[in-house]
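Read off the chains here:
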Amino acid sequence: MKKKYNFYKVLSFLVIGFPLCAQAVIIDGTFKGTVMNVADNGDNNNPYFQDFFSDNLIGQSFTGSFWYDTDLAPANAGTTGQWRNTENTNWLGITFNVDGKVLNPSTIPTGYTATSMWETQNIGEVGWGTGIHDFTQEYFGVREDSVAYNGSLLSSQLAGVTFLDAIIPSLSGNSLVQNFTWHDDGAVYENWDDIPGVALYVNHTETDGEDIEVGLAARLSEITVSPRNQANVPEPSTLLLFGMGLVALMIRRKFIE
């Protein structure tokens, strides 16, 4: 009887105590800047394409946000172990707000069915692109790509932000868990490759009428990244383990009696 009592006593403390301190780490990021380039095949009244963006968008404000779950993120990959990408795992999301539009690759057009969603997070990998531009020094970036079909019609979207080596002193180390704020100094650069923070959105959607073929690039002026406060939000698995702990306590009490 004493052995059974000790067994359930230990079990109850382990099952209750462990989940109370188990928390997923969600990283939230925000950014803003100005549009510096727009490619829209709907301009000039092209009959084959929609006019997706406003004609005078260059120089206008641009904002966005992203998040990623460090617990759901894939294991390190690559030669230096600093980039991570998966397909259809929903561990990362990114949204752009520009020209009165909310642009998010995970928002699939009506009538289309998503076939794949690639999510990429890049930290400290030199010479590996996140699809923003032909950069050679990328140190922190997130990107989301989607592919969807409506019969033979294709819809693909890409949204990503890349923060270059000028931001490295602000980072808290090459880790998925980051906490920093950065502001662009407004310096003039001849090449895009030298701009410290850049965002890109691309949309190719085929329709029965006018297709969408657009691209937008923006220079980032501010970035904030921090872990989300989840102190009072237990995960579902935590609640389940907590319930198991209560059952263990009831069993232990029965043996005591």
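Here we summarise the structure given alongside this text. Each chain carries its own residue numbering, running from 1 in the written order of its sequence. The predicted origin of the model limits local features to residues at a pLDDT of at least 70 and limits the giving and counting of side-chain atom pairs to 80 or more, whereas totals for whole chains, interfaces and linings rest on all residues. Side-chain numbers here rest on the full set of heavy atoms in the structure, without hydrogens or water.

## Concerning the overall build of the chain
The number of helices and strands found in the chain is two helices and 11 strands. Helices and strands appear in the chain in the N-to-C order α-β-β-β-β-β-β-β-β-β-β-β-α. Sorting the 257 residues of the chain into buried and exposed places 40% on the buried side. When checking whether two residues touch, look at their non-hydrogen atoms; a contact exists if any pair is within 4.5 Å. Taking the contacts inside the chain whose residues are at least 6 apart along the sequence as the reference set, 75% of them involve residues at least 24 apart. Of the roughly 13,600 Å² of accessible surface on the chain, 54% is carried by carbon and sulfur atoms. Helix and strand labels come from DSSP, where a helix needs a run of H or I of at least four residues and a strand needs a run of E of at least two; each type is numbered from the N terminus. Only protein chains enter the accessibility calculation, which uses a 1.4 Å probe; a residue is then buried when its area is under 20% of its type maximum, exposed when over 50%, and partly exposed in between. To measure how exposed things are, a 1.4 Å probe is used in the Shrake-Rupley method; for residues, cover is taken only from the protein chains shown.

## Focus on the packing of aromatic side chains
The rule is short: rings of Phe, Tyr and Trp, with Trp giving its six-membered ring, pair when the centres are within 6.5 Å, and they are stacked under 30 degrees, edge-to-face over 60, tilted in between. Under the defined criterion, the tally for this structure stands at eight aromatic pairs. Consider the rings of F52 and F53, whose centres lie 4.9 Å apart with planes at 85 degrees: the pair is edge-to-face. By the burial criterion, F52 is buried, and F53 matches it. With 6.4 Å between their ring centres and 5 degrees between their planes, F66 and Y68 make a pair best called stacked. The pair formed by F66 and Y68 is uniform in burial state, with each residue classed as buried. In textbook terms, an aromatic cluster arises when at least three aromatic residues are bridged by ring pairs, as seen for F31, F62, F66, Y68, W91, F96 and Y201. Throughout this description, the term charge over a ring refers to an Arg CZ or Lys NZ atom that lies within 6 Å of the ring centre and within 35 degrees of the ring normal. Just above the ring of F52 sits the side chain of K101; from NZ or CZ to the centre is 4.4 Å.

## Some details on the side chain of Q157
Looking at where Q157 falls in the secondary structure, it is placed in strand β8 (residues 153-164). Not counting residues within four places of it along the chain, the set of residues in contact with Q157 comprises N104, P105, T107, P109, E144, D145, S146, Y201, V202 and N203.

## Description of the environment of G186
One can find G186 in the loop between β9 (180-183) and β10 (197-205). G186 sits in the exposed class, given a relative accessible area of 52%. Residues G186 and R219 lie 33 residues apart in sequence; the distance between their C-alpha atoms is 9.9 Å.

## Quick notes on the nonpolar core
Judged by nonpolar contacts, the single largest core of 33 residues is most densely connected at F31, F53, F62, F66, Y68, F96 and V161. Counting only elements with at least two residues in this core, the list comes to β1 (26-40), β2 (61-69), β4 (92-98), β7 (138-150), β8, β9, β10 and β11 (212-227). The element best represented in this core is β11, accounting for seven residues. In contact with F31, other than residues within four places in its own chain, are F62, T63, G64, S65, F66, I94, T95, F96, V161, L220, E222 and I223. Each nonpolar core is a collection of buried residues, namely Ala, Val, Leu, Ile, Met, Phe, Trp, Tyr and Cys, held together in the definition by side-chain atoms within 4.5 Å.

## Here's the deal with the layout of surface pockets
Think of a ball as big as a water molecule: rolled over the atoms, this probe shows where empty space is left. Using a grid of 1 Å spacing that covers the protein atoms alone, one calls a set of points a cavity when a 1.4 Å probe fits there but cannot get out, and a pocket when the set is open and has protein on both sides within 12 Å along at least five of seven lines; lining residues are those with an atom within 4 Å of a point. Grid points are joined across faces, edges and corners, and a volume is the space filled by probe spheres set on the points. Taken as a whole, the largest pocket holds about 180 Å³ of empty space. Considering the residues around the largest pocket, the lining is formed by 13 residues, among which T107, P109, Q157, N203 and I212 are closest to the centre. Elements represented by at least two residues in the lining of the largest pocket include exactly β5 (101-103) and β10. Of the residues forming the lining of the largest pocket, the biggest block, three residues, is contributed by β10. Residue classes follow a fixed rule: Ala, Val, Leu, Ile, Met, Phe, Trp, Tyr, Cys and Pro count as nonpolar, while Asp, Glu, Lys and Arg count as charged, and any other residue, Gly among them, counts as polar. By residue class, the composition of the lining of the largest pocket is six nonpolar, seven polar and no charged.

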